[in-house]
Amino acid sequence: MAATVEYGDPEPNGLAAMLGGLIQANLEQHPERQALLRPAVIAITAPDAGVSVTIAIRPGLVLVRNGEPPRAHLRVRTDSETLIGLSSAPLRFGLPDAMTREGREVNKKLLSGRIKVRGMFAHLGTLSRFNRLLSVS
């Protein structure tokens, strides 16, 4: 049975539609990535665009909703341009690959606080799986 991406709102915001579409396309193109669907809740916020998204993952289903949940394993907060760039940064061990230019840029933003990831160290496996769901490679 193929995994599906569903939207919890009749009108998902642009960030929700973009992330949900990217995850769905990656699951269709790489069916083996369904193994990455382990229970997790991820909140993503782009304050400059005034949008937040909740992504609830469970086996066979990714539910994408507008807004931020009261509880999440991971909370990612950054500007919208950086958020879009994250999906194209090559990964190594689930984190941006410091051996590439794009990976170094993302790591620099992480270290400078321009990308904030709460729960990163407690849920490193969740972050790694989520990055692979978003990764176009």
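Refer to the structure printed above.
Quick summary incoming for the structure in this document. Counting restarts for each chain: residues are numbered from 1 in the order of the written sequence. Reporting in this predicted model follows two pLDDT cut-offs: at least 70 for local features of residues, and 80 or more for side-chain atom pairs to be given and counted; totals over whole chains, interfaces and linings ignore these cut-offs and use all residues. The basis for every side-chain value is the complete set of heavy atoms in the structure, and neither hydrogens nor water enter the calculation.

1. Some thoughts on the pairing of strand β2 (residues 40–46)
So, point 1. Summary of the burial criterion: residues with accessible area below 20% of their type's maximum are buried, those above 50% are exposed, and those between are partly exposed, where the area comes from a 1.4 Å probe applied to protein chains only. By definition, any uninterrupted DSSP run of H or I lasting at least four residues is a helix, any uninterrupted run of E lasting at least two residues is a strand, and each is numbered from the N terminus. By the criterion of burial, β2 is predominantly enclosed, with 6 of the 7 residues buried.
So, point 2. At least two bridges found by DSSP between two strands are what make those strands a pair. Both β2 and strand β3 (residues 51–58) contribute to a ladder of 7 bridges, which runs antiparallel. For Ala40, the partnering residue across the bridge sits in β3 and is Ile57.
So, point 3. Following β2, the chain reverses through 4 residues before pairing antiparallel with β3; Gly50 in that reversal takes a positive phi of roughly 65°.
So, point 4. Looking at chain direction, β2 and strand β5 (residues 74–77) are connected through 4 bridges and run parallel. The partner of Ile42 across the bridge, within β5, is Leu74.

2. Observations concerning the environment of Leu124
So, point 1. Position of Leu124 among the secondary structure elements: in helix α4 (residues 124–134).
So, point 2. For the pair Leu124 and His73, spaced 51 residues apart in the sequence, the C-alpha separation amounts to 10.0 Å.

3. Observations regarding the pattern of salt bridges
So, point 1. Salt bridge, as used here: a side-chain nitrogen of Lys or Arg that lies within 4 Å of a carboxyl oxygen of Asp or Glu. Following the criterion strictly, the structure yields 1 salt bridge and no others.
So, point 2. Between Glu68 and Arg75 there is a salt bridge, and its shortest N-O distance comes to 2.8 Å.
So, point 3. The class of Glu68 is partly exposed, set by a relative accessible area of 41%.

4. Brief notes about the nonpolar core
So, point 1. As used here, the term nonpolar core means buried Ala, Val, Leu, Ile, Met, Phe, Trp, Tyr and Cys residues forming a set that is joined through side-chain atoms within 4.5 Å. Ranked by size, the top nonpolar core spans 30 residues in total, and within it Ile23, Ile44, Ile55, Ile57, Val62 and Phe130 carry the most contacts.
So, point 2. For this core, the secondary-structure elements that each account for two or more residues are α1 (14–29), β2, β3, β4 (61–66), β5 and α4.
So, point 3. By residue number, the principal contributor to this core is α1, which donates 6 residues.
So, point 4. Other than its neighbours up to four places away in sequence, Ile23 contacts Val5, Ile55, Val62, Phe130, Leu133 and Leu134. Any two residues having at least one pair of non-hydrogen atoms within 4.5 Å are treated as being in contact.

5. As for α1
So, point 1. Expected span of a helix: the number of residues minus one, times 1.5 Å. Compared with an ideal rise of 1.5 Å per residue, which puts 16 residues at 22 Å, α1 spans 22 Å between its outermost C-alpha atoms and is within 8% of the ideal.
So, point 2. Among the residues of α1, those classed as buried are Leu15, Ala16, Leu19, Gly20, Leu22, Ile23, Gln24, Asn26 and Leu27.
So, point 3. Of the residues that open α1, the one with a side-chain oxygen 3.1 Å from the backbone nitrogen of Leu15 is Asn13. Contacts described as polar in this section are N or O atom pairs within 3.5 Å, which, within protein, must combine one atom able to donate a hydrogen with one able to accept it, while residues neighboring in sequence count only if both atoms come from side chains.

6. Side note on the sheet that holds β2
So, point 1. In spatial order, the strands read β1-β4-β3-β2-β5-β8; together these 6 strands make up an open sheet with mixed pairing. Here the strands that pair on one side only, and so sit at the sheet edges, are β1 (4–7) and β8 (116–118). If you compare each strand with its neighbour and ignore which way they point, the axes differ by 15° on average.
So, point 2. Fitted lines through C-alpha atoms serve as axes, helices being fitted only where they are in contact, and the angles separating the N-to-C directions of these axes extend from 0 to 180 degrees. Contacts between α1 and the sheet are confined to β1, β2, β3 and β4, with β1 contributing the most and set at about 165° to the helix.
So, point 3. Packed onto the sheet, α4 meets β2, β3 and β5 and runs at close to 65° relative to β2.

Any functional reading would require information that these geometric values do not contain.
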